[in-house]
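Structure assessment
Here is what each chain is made of, one letter per residue.
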Amino acid sequence: MCKVSLIREKIYKTYKTLLFDIDDTLLDFGAAENVSEDTGFQKPMKEYFEYVFARIPNFSLESALIIGDSLSADLRGGLLAGIDTCWYNPKKKMNDTHMVPTYQIHRLDELYQILNV
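Along each chain, residues carry numbers from 1 onward, in the same order as the chain's sequence is written. This being a predicted model, a pLDDT of at least 70 is required before a residue's local features are given, and a value of 80 or more before pairs of side-chain atoms are given or counted; all residues contribute to the totals for chains, interfaces and linings. Side-chain figures throughout are based on the complete set of non-hydrogen atoms in the structure, without hydrogens or water.

**As for the side chain of Thr-85**
Within the secondary structure, Thr-85 sits in strand S6 (residues 84-88). Remark: exposure states derive from per-residue accessible area (1.4 Å probe, protein chains only) relative to the maximum for the residue type, with buried under 20%, exposed over 50%, and partly exposed in between. Owing to a relative accessible area of 0%, Thr-85 belongs among the buried residues under this scheme. For Thr-85, the contacting residues outside a window of four places in its chain are Leu-65, Ile-66, Leu-75, Gly-78, Leu-79, Pro-101, Thr-102 and Tyr-103. Each helix is a run of DSSP H or I of at least 4 residues and each strand a run of E of at least 2, with the numbering of both proceeding from the N terminus. Any two residues whose heavy atoms approach within 4.5 Å at even a single point are treated as in contact.

Below you can see the structure in the form of structure tokens.
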């Protein structure tokens, strides 16, 4: 079982659907849920992630992984915050940025191997 903190900006339903598409037994939603509008900061600002991390019990940078579909917001934010990143890239878009995610997946079920579950 892994702890999940849902970081969302505008469309919670989309993220909830993506996460539950994996397998709702995989995820434990006991962790905090954070909405960027409530923080005073926004992705990819490092302060935004620091705000979120401070509200997750027993949070550890070393065991954290941000999974996102946006290189410019999710992955850049994770890199600025110093945590591993996983680019969810179902359309297999070309990464023409200088950002190199720790992992790249095209299907959500690929997370099982990354998370060792």
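**Observations concerning helix H4 (residues 71-81)**
Quick reminder: α-helices carry 3.6 residues per turn. Residues three or four places apart thus point the same way. Looking at H4, one finds that the buried residues are Leu-71, Ala-73, Asp-74, Leu-75, Gly-77, Gly-78 and Ala-81. Immediately beyond the C-terminal end of H4, within one or two residues, lies Gly-82, with a positive phi of roughly 85°.

**So, the packing of aromatic side chains**
For Phe, Tyr and Trp, rings pair up if their centres lie within 6.5 Å, where Trp contributes its six-membered ring, and each pair is then called stacked (planes under 30 degrees apart), edge-to-face (over 60) or tilted (otherwise). Going through the model one piece at a time under the given rule, you end up with three aromatic pairs. Both rings, one in Tyr-48 and one in Phe-49, keep their centres 5.2 Å apart while their planes meet at 80°; by these two values the pair is edge-to-face. Across the pair, exposure class does not vary: Tyr-48 and Phe-49 are buried alike. Considering the side-chain rings of Phe-49 and Phe-53, the 6.1 Å spacing of their centres and the 50° angle between planes classify their relative orientation as tilted. Taken as a pair, Phe-49 and Phe-53 lie in helix H3 (residues 46-54) at a separation of four residues, close to a single helical turn. Through successive ring pairs, a cluster of aromatic residues spans Tyr-48, Phe-49, Phe-53 and Phe-59.

**Description of the pairing of S6**
Burial analysis of S6 places four of its five residues in the buried class, which makes it a mostly covered element. Should DSSP find at least two bridges between two strands, the strands are regarded as paired. Relative to S6, strand S5 (residues 65-68) is paired through four bridges, and the arrangement is parallel. Bridged to Ile-66 within S6 is Thr-85. We call a crossover right-handed when, viewed with both strands directed away from the observer, the connection leading from the first strand over the helix to the second proceeds clockwise. Read from S5 through H4 to S6, the crossover connection turns out right-handed. Taken together, the three bridges between S6 and strand S7 (residues 103-105) define a ladder with parallel strand orientation. Each residue of the ladder has a partner; that of Cys-86, found in S7, is Tyr-103.

**Some details on the packing of H3 against H4**
The geometry of H3 relative to H4 is characterised by a closest axis approach of 8 Å and an angle of 75° between their N-to-C directions. For the element pair H3 / H4, the angle class is roughly perpendicular. On H4, the residues that touch Lys-46, Phe-49 and Phe-53 of H3 are Asp-74, Gly-77, Gly-78, Leu-80 and Ala-81. When the residues that make up the contact of H3 with H4 are grouped by side-chain class, the tally is four nonpolar, two polar and two charged. In this analysis an axis means a line fitted to C-alpha atoms, helices contributing only their contacting stretch, and an angle means the value between N-to-C directions, from 0 to 180 degrees. Angular relationships are summarised with four words: roughly parallel below 35 degrees, roughly antiparallel beyond 145, roughly perpendicular across 65 to 115, and oblique for the angles in between. Under the scheme applied, nonpolar residues are Ala, Val, Leu, Ile, Met, Phe, Trp, Tyr, Cys and Pro; charged residues are Asp, Glu, Lys and Arg; polar residues are all the others, including Gly.

**Section: the nonpolar core**
As a rule of thumb, nonpolar side chains are buried together in soluble globular proteins. Think of a nonpolar core as a cluster: buried Ala, Val, Leu, Ile, Met, Phe, Trp, Tyr and Cys residues, connected wherever their side-chain atoms sit within 4.5 Å. With nine residues, the main nonpolar core is built from Tyr-48, Phe-49, Val-52, Phe-53, Ile-56, Ala-64, Ile-66, Ala-81 and Ile-83. When residues in this core are grouped by element, the largest group, four residues, is from H3. In this structure, Tyr-88, Leu-108, Leu-111 and Ile-114 belong to the second largest nonpolar core, which totals six residues.

**A short note on the sheet that holds S7**
The strands making up a sheet associate through hydrogen bonds between their backbones, and the pairing can be parallel or antiparallel. Pairing is parallel in the open sheet, where three strands are placed in the order S5-S6-S7. Edge positions in the sheet fall to S5 and S7, since each of these pairs with one other strand and no more. Shown here is a sheet whose adjacent strand axes are inclined to one another by a mean of 20°, direction ignored. Contacting S5 and S6, H4 runs over the sheet at an angle of about 165° to S6.

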